[in-house]
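The chain contents come next:
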Amino acid sequence: LISDLVIYYKIQHNFTGLALEIYLSQPVCNRTTRSSDKTVLDKSIVHNKSLENDFFFFFFSCWNSLPEQCKSAASVGTFKRQLAHIDFSPFLLTNS
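These numbers were taken from a predicted model, which means no experiment stands behind them.

For the rest of this paragraph, the subject is the overall build of the protein. Counting its regular elements, the protein contains 5 helices and 0 strands. Secondary structure elements of the protein occur, N-terminal to C-terminal, as α-α-α-α-α. Counting every position in the protein, which comprises 96 residues, the buried fraction comes to 31%. Residue pairs in contact within the protein that sit at least 24 positions apart in sequence constitute 55% of those at least 6 positions apart. Carbon and sulfur atoms form 53% of the exposed surface of the protein, whose accessible area is close to 6300 Å².

Right, let's get into the nonpolar core. A general feature of soluble globular proteins is that nonpolar side chains tend to end up buried together. Formed by 16 residues in total, the largest nonpolar core has its most connected members in L5, W63, L66, F79 and L83. Listing elements by their share of this core, those giving two or more residues are α1 (2–12), α3 (60–65) and α5 (76–83). A per-element tally of this core places α1 first, with 5 residues.

Let's shift gears to α1. Along α1, the residues that are buried comprise L5, V6, Y8, Y9, I11 and Q12. Positive phi shows up at N14, right after α1, with a value of about 60°.

Here Q82 is to be found in helix α5. Separated by 12 residues in sequence, Q82 and C70 place their C-alpha atoms 6.1 Å apart. Excluding residues that lie within four positions of it along the chain, Q82 makes contacts with Q69, C70 and A73.

On to α5, then. All of the buried residues along α5 are V76, F79 and L83. Around the axis of α5, the buried residues are gathered within 60° of arc, so they sit on the same side. Turning to α5, the residues buried within the fold contact α1, α3 and α4 (68–71).

A few words on the confidence of the model for the protein. Do not read the predicted coordinates in detail wherever pLDDT is low. Looking at the protein, the pLDDT average stands at 76 and 59% of residues meet or exceed 70. Averaged over each element, pLDDT in the protein is lowest for helix α2 (residues 55–58) (61) and highest for α5 (97).

Another aspect to go through is the packing of aromatic side chains. Taken as a whole, this structure holds 4 aromatic pairs when the rule is applied. Ring plane angle 40° and centroid distance 6.0 Å describe the contact between W63 and F79, whose orientation is recorded as tilted. One end of the pair, W63, is in helix α3; the other, F79, is in helix α5, and 16 residues separate them in sequence. F79 shares its class with W63; the two are buried. Cluster of aromatic residues (ring-pair linked, three or more members): Y8, Y9, F15, W63 and F79.

Rules of the game
- Residues numbered from 1 in each chain as written.
- Predicted model: local features only at pLDDT ≥ 70, side-chain atom pairs only at ≥ 80, totals over all residues.
- Heavy atoms only, no water.
- Helix = DSSP H or I, 4+ residues; strand = E, 2+ residues; numbered from the N terminus.
- Buried < 20%, exposed > 50% of the residue type's maximum accessible area, 1.4 Å probe, protein only.
- Contact = heavy atoms within 4.5 Å.
- Areas by Shrake-Rupley, 256 points an atom, 1.4 Å probe, with all protein chains shown as cover.
- Core = buried A, V, L, I, M, F, W, Y, C linked by side-chain atoms within 4.5 Å.
- Arc of directions from axis to C-beta.
- pLDDT = per-residue confidence, 0-100.
- Phe/Tyr/Trp six-rings, centres within 6.5 Å; stacked < 30°, edge-to-face > 60°.

Written as structure tokens, this is what we have:
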């Protein structure tokens, strides 16, 4: 999960050759919310049914739960350090 978040951070901040437009018709949520967070991902914008099992779709709620300052970190290293202080257990699948 953390690796997926780091990959997405890199894509969003143009540290890779991948383009978000391949997966999403719009990269952020257009709904008006109380939050000023411009990095909220909306699952309904996945425009390709076959991509619903892709890691982008799977971890949207996890990404959206990150603090805005984490998502807008200035570097990959800062992003990773901030992730180290977040409890991801609610997003992990268990065999219970």
